[in-house]
Amino acid sequence: MDSLFHVVEAQQFNRELLTEIFAVTKEMEEVVSVYGSSILNRRIMATLFYEPSTRTRLSFESAMIRLGGSVVTTESAREFSSAAKGETLEDTIRIVEGYADVIVLRHYEGGSARLAAEVASVPVLNAGDGPGQHPTQALLDVYTIQKEIGRLDGISVAMVGDLANGRTVRSLAYLLTRYKDVKLYFVAPELVRMKADIKEYLSRNGVYFEEQEDLIEVVRQVDVVYQTRIQRERFGDRTKDYEAARGRYIVDTKVMEALSENARVMHPLPRVDEIDPAVDTDPRAAYFRQAHNGLYIRMALLKMVLAA
Ligand code: NCD
């Protein structure tokens, strides 16, 4: 069995470990159906969030509590933790590791999770590091694809929206290289196209990808449309650029007509206006089910780093 300690980036997972995580995740679905377990009794998880979050923080906290553990938390850590007084992230981590058995970190800077993991003696789980990565989201995304479509080898996925700043698509692209015959289609406004580092990694790992402009044409060929939000917070005062990128690709009923019957629409959420709410009642709209899978994935990760 591969051991799991820090969760920093999607490239750290090999196929065997992914299979194992998903098996534990499946068990966690059973555990939730009987209102939890006490395997993490007396363990404490700290959630340190320097950027806004609903799903990631609450699902991690719910996951810990469902397994019998406890939670200490600081949301808005930029304003409410000692970071506001000028404390470095490294110092904060050195303190929090004395109070908790695992640290879940969301930070506004890329690379911050790796930095935290370098100084921490307890596991650090990256819950999003700026425009870098969001590996636990990618795990729940891949778990969702497996559950909804029934396979991962041979899967074709359209990644749509902000592919330059979206950390979820970056991590998902890395994870999908672990499967065979995967095809990726990138559909992004000019200013936020997929970055070279990911494309190079895909090429090196023999994953087929192409960049396309016509969403409807792409949608006809894929099993999954993975829509994303234009990441306004990464544009700073470039409001014109943001406005130019926004609204370019919307998943609406017309897109759904082009999508095959067995395909799915996913989105890490939150959405702004890039999926028309009229799509929500379509059985192929998987994004709310996807978010619920986050609870099971995070229970599995906590179990594996703390109780295994
Ligand atoms: C994403 C994130 O924070 O990167 N949200 C999430 O964790 N589900 C996506 C986003 O904010 O657009």
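Everything that follows concerns the structure shown earlier in this document.
Just so you know, these numbers come straight off a predicted model, no measurement behind them.

### Regarding the packing of aromatic side chains
Next, step 1: Tallied over the full model, the rule gives six aromatic pairs.
Next, step 2: Their ring planes at 70° and their centres at 6.3 Å tell us that Y50 and Y108 sit as a pair that is edge-to-face. Highlighted residues: Y50 in the loop between β1 (44-49) and α2 (55-66) and Y108 in the loop between β3 (102-107) and α5 (112-119), separated in sequence by 58 residues.
Next, step 3: One Lys or Arg, R78, reaches over the ring of Y108 and ends 3.6 Å from the middle of that ring.
Next, step 4: Over the ring of Y208 we find K183; its NZ or CZ atom is 6.0 Å from the centre of that ring.

### Considering the site of the ligand
Next, step 1: What surrounds the ligand is the set T56, R106, H134, Q137, R167, T168, R229, Q231, P268, L269 and P270.
Next, step 2: In the model, an oxygen atom of the ligand is placed 3.1 Å from a nitrogen or oxygen of the R106 side chain.
Next, step 3: Interatomic distance of 3.0 Å between a backbone N/O atom of L269 and a nitrogen atom of the ligand.
Next, step 4: Across the complex, the protein chains shield 93% of the 320 Å² of accessible surface that the ligand would expose by itself.

### Brief notes about the pairing of β1
Next, step 1: Of all six residues making up β1, five are buried, and the element is well covered by its neighbours.
Next, step 2: Pairing analysis gives five bridges linking β1 to strand β2 (residues 70-74), with the strands arranged parallel. Residue pairing for β2: I44 is matched across the bridge by S70.
Next, step 3: Crossover handedness for the path β1 to α2 to β2: right-handed.
Next, step 4: As defined by bridge partners, β1 adjoins β3 across five bridges and the pair is classed as parallel.

### Points about the pattern of salt bridges
Next, step 1: A complete count under the given rule lists 23 salt bridges for this structure.
Next, step 2: Its salt-bridge partner being D241, residue R238 comes within 2.9 Å of it at the nearest N-O pair.
Next, step 3: Taking relative accessible area as the criterion, R238 reaches 41% and is therefore assigned partly exposed.
Next, step 4: In this structure D241 comes out as partly exposed when scored by relative accessible area, which is 25%.
Next, step 5: Among the salt bridges present, the one from D280 reaches R271, with a minimum N-O distance of 2.6 Å.
Next, step 6: Assessed through its relative accessible area of 26%, D280 is described here as partly exposed.
Next, step 7: Taken together, the shared-partner salt bridges connect E190, R193, K199 and E211 into one network.

### So, the environment of K199
Next, step 1: Checked against the element boundaries, K199 lands in helix α8 (residues 196-204).
Next, step 2: Placed 25 residues apart in sequence, K199 and Y174 show a C-alpha to C-alpha distance of 9.7 Å.

### Re the sheet that holds strand β9 (residues 264-266)
Next, step 1: Here we have five strands laid out as an open sheet, ordered β7-β6-β5-β8-β9, and parallel in their pairing. Looking at strand neighbours, the two that pair on one side only are β7 (208-211) and β9, the edges of this open sheet. Strand-to-strand twist across the sheet, computed as the mean angle between neighbouring axes with direction ignored, equals 20°.
Next, step 2: Sheet contacts for α8: β6 (183-187) and β7; angle to β7, the most-contacted strand, approximately 145°.

### Quick word on the side chain of R284
Next, step 1: In this structure, R284 sits in the loop between β9 and α12 (287-306).
Next, step 2: Judged by its relative accessible area of 14%, R284 falls in the buried class.
Next, step 3: When neighbours within four sequence positions are excluded, R284 is seen to be in contact with M256, L259, S260, E261, A263, R264 and V265.

### Re the packing of helix α6 (residues 135-149) against α12
Next, step 1: Where α6 contacts α12, the axes come no closer than 8 Å and their chain directions differ by 115°. In the crossing of α6 with α12, the sense of the turn from one axis to the other is right-handed. For the pair α6 and α12, the contacting residues are T136, Q137, L139, L140, D141, Y143, T144, K147 and E148 in the first and R289, Q290, N293, G294, Y296, I297, R298 and L301 in the second.
Next, step 2: Considering only residue class, the contact of α6 with α12 consists of six nonpolar, six polar and five charged.

Rules used throughout
- Each chain carries its own residue numbering, running from 1 in the written order of its sequence.
- Reporting of local features is limited, given that this is a predicted model, to residues whose pLDDT is at least 70; pairs of side-chain atoms are given and counted only at 80 or more, and all residues count toward the totals for whole chains, interfaces and linings.
- Values reported for side chains reflect all heavy atoms of the structure, with hydrogen atoms and water molecules removed beforehand.
- Two rings belonging to Phe, Tyr or Trp (six-membered ring only in the last case) form a pair when the distance between their centres is within 6.5 Å. Interplanar angles under 30 degrees mark stacking, angles over 60 mark edge-to-face geometry, and anything in between is tilted.
- Put simply, DSSP H or I for four residues or longer makes a helix, DSSP E for two residues or longer makes a strand, and each gets a number counted from the N terminus.
- Only Lys NZ and Arg CZ are tested; either one counts as a charge over a ring when it is within 6 Å of the ring centre and within 35 degrees of the ring normal.
- Residues are labelled near a given molecule or strand when at least one of their non-hydrogen atoms is within 4 Å of it.
- Polar contact criterion, stated in full: a pair of N or O atoms within 3.5 Å, where within protein one must be able to donate a hydrogen and the other to accept it, and residues adjacent in sequence count only if both atoms are side-chain atoms.
- For the area figures, the Shrake-Rupley method with a 1.4 Å probe applies, and any residue is considered shielded solely by the protein chains shown.
- Remark: exposure states derive from per-residue accessible area (1.4 Å probe, protein chains only) relative to the maximum for the residue type, with buried under 20%, exposed over 50%, and partly exposed in between.
- A pair of strands is labelled paired if DSSP reports no fewer than 2 bridges between them.
- Classification remark: right-handed applies to a crossover when, strands pointing away from the viewer, the course from the first strand over the helix to the second runs clockwise.
- Should a side-chain nitrogen of Lys or Arg be within 4 Å of a carboxyl oxygen of Asp or Glu, the pair is scored as a salt bridge.
- Between N-to-C directions, angles cover 0 to 180 degrees, with each direction set by a line fitted to C-alpha atoms, over the stretch in contact for helices.
- Here, two residues are considered to be in contact whenever any of their heavy atoms come within 4.5 Å of each other.
- Put simply, a crossing is left-handed when the front helix is turned counterclockwise from the back one by less than a right angle, and right-handed when it is turned clockwise.
- Residues are sorted three ways: Asp, Glu, Lys and Arg are charged, Ala, Val, Leu, Ile, Met, Phe, Trp, Tyr, Cys and Pro are nonpolar, and all the rest, Gly among them, are polar.

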